[in-house]
Amino acid sequence: MDFSLTEEHLMIQEAARDFARAELLPGVIERDEKQEFPKDQVKQMGELGFLGMMVDPKYGGGGMDTLSYVIAMEEISKIDASASVVMSVNNSLVCWGLEAYGTEEQKEKYLTKLASGESIGAFCLSEPEAGSDATSQKTTAFEKDDHYVLNGTKNWITNGSTADFYLVIAQTHPELKHKGINAFIIEKGWEGFEIGAKEQKLGIRGSDTHSLMFTDVKVPKENRIGEDGFGFKFAMKVLAGGRIGIAAQALGIAAGAYELAKEYSKVRKSFGTEICNHQAIAFKLADMHTQIEAARMLVYKAAKDKDNKENYDLSGAMAKLYASQVAMDTTIEAVQIHGGNGYVKEYHVERLMRDAKITQIYEGTSEIQKIVISRAVLKD
Ligand code: CAA
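Residues numbered from 1 in each chain as written. Predicted model: local features only at pLDDT ≥ 70, side-chain atom pairs only at ≥ 80, totals over all residues. Heavy atoms only, no water.

(A) Inspection of the site of the ligand at higher detail. Taken together, 25 residues form the shell around the ligand, and within it Ser132, Thr158, His178, Lys179 and Arg375 come nearest. A distance of 2.9 Å separates an oxygen atom of the ligand from a polar side-chain atom of lysine 233. Glutamate 363 places a polar main-chain atom, nitrogen or oxygen, 2.9 Å from an oxygen atom of the ligand. In the complex, 75% of the free accessible area of the ligand, which totals 1100 Å², lies under the protein chains. If you list the elements that add at least two residues to the shell around the ligand, you get helix 5 (81-101), helix 7 (231-267) and helix 11 (366-379). Counting residues per element, the shell around the ligand draws most heavily on helix 7, which supplies six residues. In the shell around the ligand, the residues fall into eleven nonpolar, seven polar and seven charged. (Near = heavy atom within 4 Å. Polar contact = N/O pair within 3.5 Å; in protein donor to acceptor, adjacent residues only side chain to side chain. Areas by Shrake-Rupley, 256 points an atom, 1.4 Å probe, with all protein chains shown as cover. Helix = DSSP H or I, 4+ residues; strand = E, 2+ residues; numbered from the N terminus. Nonpolar A, V, L, I, M, F, W, Y, C, P; charged D, E, K, R; others polar.)

Have a look at this one:
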């Protein structure tokens, strides 16, 4: 497979890198410490077109391919994974889900605002008792006259308080199990919709993660996405693409930590020489470089599969599984190379190490990716 980048890809890479260095790097340590959402920077990301990169320009998006999106995700994640998760959820889950399966009216009303960054989206599948086991939805949406009545609680929702529009998965026909599930578009401010407390997190602390409570929320029928009972398939299809975005985030976290460790090893001296001259450090850098390159190939392959309209369930799951492991391994080594300095905030690598962990958990844990991968390979 040819992974060479076009002029356009290189321009996007440079634009994302410049933005991350100029706008995200200043203040990233403080935002992490205070759990502060990068509000102004997310607004800028919208203005620069990073929040609706793949959406058709007729709905206000950038009309770019998935490869462009993962390239930008990598660059932004090198600096600030809290900002890149906002970008990932908005692009891959919310915008893509609406563009692929929404009605023309839903696209006009919601997608145009989400693609331009005027509004932010959230994807609400996880529940207190339905994380990995996503078919066990307890949130219900029963039909009543011309609307649905939504009741339940969602957990660990990215963009929980900053979103304007929420894609909410709920059970409508419990007797049909996963075939009775639906997906709905909910607006912030609707009666009965409450935003719960903000989670105090280990990593991606700048992103706002909340529980959400729905009590007798009236949802117009035209806000259901797809046919009655399409909700679980919708969630699975959206997550299959989302995993490519999170794989790119993991790749960026790994590459960011590696670049910092490499530079540090060229200036820090011990035993009379720069530490990169010790094989103990040089071999670590060799392993990190190799693993990151392999992860990048998997991420690009999954993105290209999606662009070529081939099945990307398997390649996306493999990219996420591997890149998130590389993110974890690489950031731990980056801290080690920095020694004592790696353990303090100003060198950034301890934050990247904390940020890396979530890539093995959200949008399907590593174990979920192994279920997806093993089922696909055993099917043949
Ligand atoms: N595309 C289309 N359909 C799919 C699909 C896909 N990728 N994957 C599954 N389906 C369909 C199946 O074909 C099946 O349909 P039929 O019954 O009509 O044949 C149906 O969905 C049920 O599939 P399974 O029998 O495989 O279901 P399962 O209970 O065994 O679960 C699973 C499969 C892969 C474990 C799934 O539950 C899963 O992915 N769980 C993890 C959920 C997850 O990723 N949660 C993350 C939360 S979102 C988040 O983190 C966002 C954020 O804020 C950052």
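(B) Expanded view of the packing of aromatic side chains. In the structure shown here, the tally under the stated rule is eleven aromatic pairs. Taking the centre distance of 6.0 Å and the plane angle of 40° together, the rings of phenylalanine 19 and phenylalanine 50 count as tilted. One end of the pair, phenylalanine 19, is in helix 1 (residues 7-24); the other, phenylalanine 50, is in the loop between helix 3 (39-47) and helix 4 (66-79), and 31 residues separate them in sequence. For the pair phenylalanine 19 and phenylalanine 50, one class covers both residues: buried. Their ring planes at 75° and their centres at 4.8 Å tell us that tyrosine 110 and phenylalanine 165 sit as a pair that is edge-to-face. (Phe/Tyr/Trp six-rings, centres within 6.5 Å; stacked < 30°, edge-to-face > 60°. Buried < 20%, exposed > 50% of the residue type's maximum accessible area, 1.4 Å probe, protein only.)

(C) Spatial organisation of the pattern of salt bridges. Taken as a whole, this structure holds 17 salt bridges when the rule is applied. Ionic pairing is found between arginine 17 and glutamate 75, a salt bridge with its closest N-O pair at 3.0 Å. Placement of arginine 17 in helix 1 and of glutamate 75 in helix 4 is noted, with a sequence separation of 58 residues between them. With a relative accessible area of 28%, arginine 17 lands in the partly exposed category. (Salt bridge = Lys/Arg side-chain N within 4 Å of Asp/Glu carboxyl O.)

(D) Expanded view of the UniProt feature "domain: Acyl-CoA oxidase/dehydrogenase middle" (unreviewed entry) in the chain. Those places that UniProt annotates as "domain: Acyl-CoA oxidase/dehydrogenase middle" (unreviewed entry) correspond, in this numbering, to residues 122-217. Overall, residues 122-217 shows 0% helix and 51% strand. The separation of its end C-alpha atoms is 17 Å. (UniProt positions renumbered as here; feature names shortened; annotations may be inferred.)

(E) Fine view of the nonpolar core. Judged by nonpolar contacts, the single largest core of 92 residues is most densely connected at Phe50, Val70, Ile76, Met87, Leu98, Phe123 and Phe234. Take this core: its biggest share by element is 19 residues, from helix 7. (Core = buried A, V, L, I, M, F, W, Y, C linked by side-chain atoms within 4.5 Å.)

(F) Representation of the UniProt feature "domain: Acyl-CoA dehydrogenase/oxidase N-terminal" (unreviewed entry) in the chain. When the UniProt feature table is mapped onto this chain numbering, "domain: Acyl-CoA dehydrogenase/oxidase N-terminal" (unreviewed entry) sits at residues 6-118. Across residues 6-118 one finds 73% helix and 0% strand; the C-alpha atoms that close the span lie 29 Å apart.

(G) Inspection of the state of the cysteines at higher detail. This structure, assessed with the given rule, holds zero disulfides. Among the cysteines around cysteine 95, which has no disulfide bond, cysteine 124 carries the closest sulfur, lying 14 Å off. (Disulfide = S-S within 2.5 Å.)

(H) Here's a closer look at helix 10 (residues 349-358). In terms of burial, helix 10 is a largely internal element, seven of the ten residues being buried. When we look at burial in helix 10, the residues that qualify are Val349, Glu350, Arg351, Leu352, Arg354, Asp355 and Ala356. Packing partners of the buried residues in helix 10 comprise helix 2 (28-34), helix 4, helix 5, helix 7 and helix 9 (313-338). (Contact = heavy atoms within 4.5 Å.)

(I) Seen up close, the environment of lysine 266. Mapped onto the secondary structure, lysine 266 falls in helix 7. Taking the C-alpha atoms as reference points, lysine 266 and valine 238, separated by 28 residues in sequence, lie 43 Å from one another. Residues contacting lysine 266, with those up to four places away along its chain left out, are Glu274 and Cys276.

(J) Local environment of the environment of glycine 256. Along the chain, glycine 256 falls in helix 7. For the pair glycine 256 and valine 217, spaced 39 residues apart in the sequence, the C-alpha separation amounts to 43 Å. Excluding its chain neighbours within four sequence positions, the residues that come into contact with glycine 256 are Lys78 and Leu352.

(K) Structural context of the side chain of lysine 306. Position of lysine 306 relative to the elements: it lies in helix 8 (residues 279-307). No salt bridge forms around the buried lysine 306; measuring N to O, its nearest opposite-charge neighbour aspartate 307 is 6.0 Å away. (Lys, Arg positive; Asp, Glu negative; His and termini not counted.)

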